[in-house]
Amino acid sequence: MEEHRMVIGLPQGLLYYRYGALWQTFFNELGIETVLSGPTDRRIMDAGAALSIDEACLSLKIFLGHVAALAGRCDYVLVPRVSSFGRHRNMCTRFEALPDLTGNVFRGKGVKVLSYEVDVLSRKGEEAAFLSMAGGLGRSLREVHRAYRQAKKEDQARRKAAVRAEEQLYKSEGIKVLIAAHSYVVEDPYIGRAVTGYLKKSGVIPIRADVVDRDEALKWSQDISLTCKWEMSREIVGSVAMHEHKVDGIILLSAFPCGPDAMVNELISRRVRDVPMLNLVLDSQSGTAGVETRLESFVDIIRFKEGKL
Amino acid sequence: MKDAMEQKKISFPRYAEYNCAFKYIVEQALGCKYVMPPALTKRTMELGAKYSPEFVCTPFKTTLGNMIESLEAGADTLLMTHGLCRLGYYGELQEQILKDLGYKFDFINLSEYDMSKKKEYIRIVRRINPRVNPAKFLAEFMEGVRMVEYLDELTGEYYKNRGFDASGGDYDQAYREFLTAMYTARCRADVEEGYRAARRAMQAVPIEKPLRPLRVGLVGEFYTVMDAFSNLELERKLSGMGVEVHRWMNVTHQFLQYSGGQKNMHVKIEDLCRYEMGPTSTANIWYARECAERGFDGIIHIKSAACTPEIDVMPVLQNISADYKIPVLYLTYDAQTSDVGLMTRLEAFYDMIDMRKKVL
């Protein structure tokens, strides 16, 4: 009898944009096959919205759509619980709820959730979490340890290169706009890329605030906000503090209704005063036309300010 | 006289009826003046909503509005707590908004302290009053905590029984007098005697319940589920319809007994959730199942608009509802939620559970 090879599904929403590469290398190193849900499109977003509580954020709706797209295509869907990395280094509570939330939404719908838990404040680090998750899949400790190390190394190298490339953009000629947004918003092919794509088409260089040296950004974030407690928001806030004088404008880009963004972006706009700033909130209804009009007028303001209009 | 001039005038926004305990601790334990914020009104909400970011959760707006009212009432020092959800970021943003408006005050934001360290509590106390007497502080602080326990105990009793008061109002009267005693208590004897007198008075009221009264359990977000203004007096409305209203969630249960972390409660809900889904999620899921297993007639889930942890609990509650065939009413409160709209939904819910009771 042929042995069944395990397949793990990776939903391409939320933390995929932070850990996707790490996950893929890790499982591949262990000889476990992974399958992706595919790029976000209208169908995925609508399916996710139908599965969600109305008030949930657009990013969660998209995520659940991705999980639905994996149903029947894998043995497990990977949904970690990521809670904290230390003091004032928390995740939005949604990332704490995510595995159980997914489990309850898809109860009886043929989706099995595979999870691991990172909660440094409760002494649960990432490496131990990976070890115990893969141990549950019947892999030896040594094997898993090696795979994790390898995945981590590759992930760090990849990230370093990405940061280096992004840093180069600050030195380029032309109008530069810093996009302060969560990775899963700005990088999402259906929602965020529409924004960066439009800017590029208009001859503006969009630079991602979330692609930044994370340790450095965490330190800088305290220049703007002392008690900001969300890891990913702090990276973005820190990046804004590091780069506000190197860009011509800042776009605070958010998916409706993002809890941390609703507060953090308000604080940024009250404390970072001398750069043109646009607060742009994307929802499932906002067609591209409305967004483009606002982007267009924002770019006009920058050009006007610099005497180029 | 000089002391009175130097005394800080501290305020912390209205939160259910707990402000009597805040007042007691600030005045008796910390030796400062407590500025009781004006009762929450429509004006509070309008002020809060006007100056808050649009998509922040409603308690942010309520507390911001109430802080403005405290400053108008003469407070010179505002206190804001830390917290595990967005609450932990209220302080810094509210301080910024108020300072941008031009108010002058000292702001004590507990999020700036590492509240996992005991040393930090001493720093906070010293900042509020450097000449505090440690022994007196500890004794009076504990009395303030006891006041919270008494308040939660009698409030729980009150809403279970007030719908069945056969005297025509004595029960309400006894509870009101209890609150007055707590809000005016100035020493340990005042607290203890006020509590015991209220207990006696409440027990003396004739309560006439049908053999199987309608029982409804309340679960939900920590502020809105408890604060009568914020939930538009839901408990009063429900009990007024002749319903036994049960609510586990209060400060005593959550902080003094269950103390936040995932304790033994999670055992009974392991099949529904493996992890702690949010600051109060384990307790809410546990209690919802408890209500279902105890044969309650319905559950009401209460939250403010945009409360992330409670939105995420809803799919679990939907599963409990399906498993136990127990109706769940989901209520979301924002700055615009109206009394009339709520009453319509409550009446419909009442009719439905009442009919089910008669049929089943």
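Residues numbered from 1 in each chain as written. Chains lettered and ligands numbered in written order. Predicted model: local features only at pLDDT ≥ 70, side-chain atom pairs only at ≥ 80, totals over all residues. Heavy atoms only, no water.

### Regarding the pattern of salt bridges
Residues and elements named next belong to chain A. This is how the line gets drawn: When a carboxyl oxygen of Asp or Glu is within 4 Å of a side-chain nitrogen of Lys or Arg, the pair counts as a salt bridge. Numbered from the N terminus, helices here are DSSP runs of H or I no shorter than four residues, and strands are runs of E no shorter than two. Exposed residues in this analysis have more than 50% of their type's maximum accessible area, buried residues have under 20%, and partly exposed residues fall in between, with area computed by a 1.4 Å probe over protein chains only.
With the rule as written, the count across this model stands at 44 salt bridges over all chains. For the salt bridge of Arg 214 with Glu 235, the shortest nitrogen-to-oxygen distance reads 3.9 Å. Of this pair, Arg 214 sits in helix H9 (residues 214-224) while Glu 235 sits in helix H10 (residues 231-243), and the two are 21 residues apart along the sequence. Here Glu 235 falls in the buried class, since its relative accessible area comes to 3%. Salt bridges here are not isolated pairs; linked through shared partners, they connect Arg 81, Glu 117, Asp 119 and Lys 124.

### What about helix H4 (residues 58-72) of chain B?
Selection criterion: A helix is expected to span 1.5 Å multiplied by its residue count minus one.
Between its terminal C-alpha atoms H4 of chain B stretches 21 Å, which fits the 21 Å expected from 15 residues at 1.5 Å a residue. One or two steps after H4 of chain B, the chain reaches Gly 74 of chain B, where phi turns positive at roughly 110°.

### Overview of the nonpolar core
Our working rule: We define the nonpolar core as a collection of buried residues of types Ala, Val, Leu, Ile, Met, Phe, Trp, Tyr and Cys that are connected through side-chain atoms lying within 4.5 Å of one another.
In terms of nonpolar packing, the biggest core is built from 213 residues, with Trp 23, Phe 26, Phe 27 and Ile 251 of chain A together with Phe 178, Leu 234 and Ile 300 of chain B touching the most fellow members. For this core, the element with the most residues is helix H7 (residues 134-161) of chain B, which contributes 8 residues.

### Section: the sheet that holds strand S10 (residues 277-282) of chain A
The strands making up a sheet associate through backbone hydrogen bonding, with each pair oriented either parallel or antiparallel. All names here are of chain A. The cut-off we apply is this: Paired strands, as defined in this entry, are two strands with at least two bridges between them according to DSSP. Fitted lines through C-alpha atoms serve as axes, helices being fitted only where they are in contact, and the angles separating the N-to-C directions of these axes extend from 0 to 180 degrees.
Within the open sheet, the 4 strands sit side by side as S8-S7-S9-S10. Their pairing is parallel. Strand pairing shows two members of the sheet lacking a second neighbour, strand S8 (205-208) and S10, which therefore form its edges. Taking each pair of neighbouring strands and ignoring which way they run, the sheet shows an average axis angle of 25°. Judged from the 4 bridges that link them, strand S7 (residues 176-180) and S8 form a sheet pairing that is parallel. Across the sheet, the residue bridging to Val 177 is Pro 206, located in S8.

### Considering the packing of H10 of chain A against helix H11 (residues 259-271) of chain A
All names here are of chain A. Applicable threshold: Comment on the angle field: the value is read as roughly parallel under 35 degrees, roughly antiparallel over 145, roughly perpendicular from 65 to 115, and oblique elsewhere. Should the near helix be turned anticlockwise from the far one by less than a right angle, the crossing is termed left-handed; should it be turned clockwise, right-handed. Contact criterion: two residues are considered in contact whenever any of their non-hydrogen atoms come within 4.5 Å of each other. Gly is placed with the polar residues, together with every amino acid not listed as nonpolar (Ala, Val, Leu, Ile, Met, Phe, Trp, Tyr, Cys and Pro) or charged (Asp, Glu, Lys and Arg).
Contact pair H10 / H11: the axes reach a minimum separation of 11 Å and the direction vectors enclose 20°. Taken together, the axis directions place H10 and H11 in an arrangement best described as roughly parallel. Crossing hand, H10 versus H11: right-handed. Mapping the contact onto sequence places Ser 233, Val 237 and Val 240 in H10 and Pro 260, Val 264 and Ile 268 in H11. Looking at the contact of H10 with H11, its residues break down into 5 nonpolar, 1 polar and no charged.

In short, geometric facts, not functional conclusions.
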